[in-house]
Amino acid sequence: MDELKKQLSEKLGLSEEMSQQAIDMVLGFVKDKLPEGMQDIVNSAVNGEMPDTGGLLDKAKGLFGG
């Protein structure tokens, strides 16, 4: 998250506070669009944790021919 915040600040000229607000807004939007249960996976990933996907990633690979 710090790297994303840094890039938003450098490339768009946003303050650190505005960068954090932008990140929070996008994450909120994404989580609102996800099915229930997937939001916890996003929260874990955002917090730098390895999310327990319950095999969801393996299932998703099949959607893309992987």
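- As recorded in an unreviewed UniProt entry, the protein goes by DUF2267 domain-containing protein and comes from Oceaniferula spumae.

1. What about the overall build of the protein?
Part 1 of the argument: Secondary structure summary: the protein contains four helices and zero strands in total.
Part 2 of the argument: Within the span of the protein, comprising 66 residues, buried residues form 15% of the whole.
Part 3 of the argument: Element-wise, carbon and sulfur atoms account for 57% of the exposed surface of the protein, whose accessible area totals about 5,300 Å².

2. So, helix 3 (residues 38–46)
Part 1 of the argument: For helix 3, every residue scored as buried is listed here: Ile41, Val42 and Ser44. Projected onto a plane normal to the axis of helix 3, the buried residues spread over an arc of 160° and lie on a single side.

3. A closer look at the side chain of Ser19
Part 1 of the argument: The topology assignment puts Ser19 in helix 2 (residues 16–33).
Part 2 of the argument: Leave out the neighbours within four places in its chain, and Ser19 touches Lys5, Leu8, Ser9 and Leu14.

4. A few points about the environment of Asn43
Part 1 of the argument: As for its placement among the helices and strands, Asn43 is situated in helix 3.
Part 2 of the argument: Taking the C-alpha atoms as reference points, Asn43 and Lys31, twelve residues apart in sequence, are found 8.7 Å from one another.

5. Notes on the side chain of Lys5
Part 1 of the argument: Its location among the elements puts Lys5 in helix 1 (residues 2–12).
Part 2 of the argument: Buried Lys5, no salt bridge; nearest opposite-charge side chain is Glu16, N-O distance 4.0 Å.
Part 3 of the argument: When residues no more than four places from it in sequence are discounted, the contact partners of Lys5 are Glu16, Ser19, Gln20 and Ile23.

6. Some thoughts on a negative patch on the surface
Part 1 of the argument: There is a patch of like negative charges on the surface, built from Asp2, Glu3, Glu10 and Glu16.
Part 2 of the argument: Considering each element in turn, the negative patch owes the most residues, three residues, to helix 1.
Part 3 of the argument: Relative to the helices and strands, Glu3 resides in helix 1.

7. Thoughts on a nonpolar patch on the surface
Part 1 of the argument: Together, Met25, Val26, Phe29 and Val30 make up a nonpolar patch on the protein surface, roughly 400 Å² of accessible area in all.
Part 2 of the argument: Looking at the element boundaries, Met25 is found in helix 2.

8. Things to note about the environment of Lys5
Part 1 of the argument: According to the relative accessible area criterion, Lys5 is buried, its value standing at 15%.
Part 2 of the argument: Of note is the side chain of Lys5, whose polar atom sits 2.9 Å from the side chain of Gln20.

Definitions and cut-offs
- Residues numbered from 1 in each chain as written.
- Predicted model: local features only at pLDDT ≥ 70, side-chain atom pairs only at ≥ 80, totals over all residues.
- Heavy atoms only, no water.
- Helix = DSSP H or I, 4+ residues; strand = E, 2+ residues; numbered from the N terminus.
- Buried < 20%, exposed > 50% of the residue type's maximum accessible area, 1.4 Å probe, protein only.
- Areas by Shrake-Rupley, 256 points an atom, 1.4 Å probe, with all protein chains shown as cover.
- Arc of directions from axis to C-beta.
- Contact = heavy atoms within 4.5 Å.
- Lys, Arg positive; Asp, Glu negative; His and termini not counted.
- Salt bridge = Lys/Arg side-chain N within 4 Å of Asp/Glu carboxyl O.
- Patch = residues over 30% accessible without salt bridge, like charges linked within 9 Å, V, L, I, M, F, W, Y side chains within 5 Å.
- Charge placed at Lys NZ, Arg CZ, Asp CG, Glu CD.
- Polar contact = N/O pair within 3.5 Å; in protein donor to acceptor, adjacent residues only side chain to side chain.

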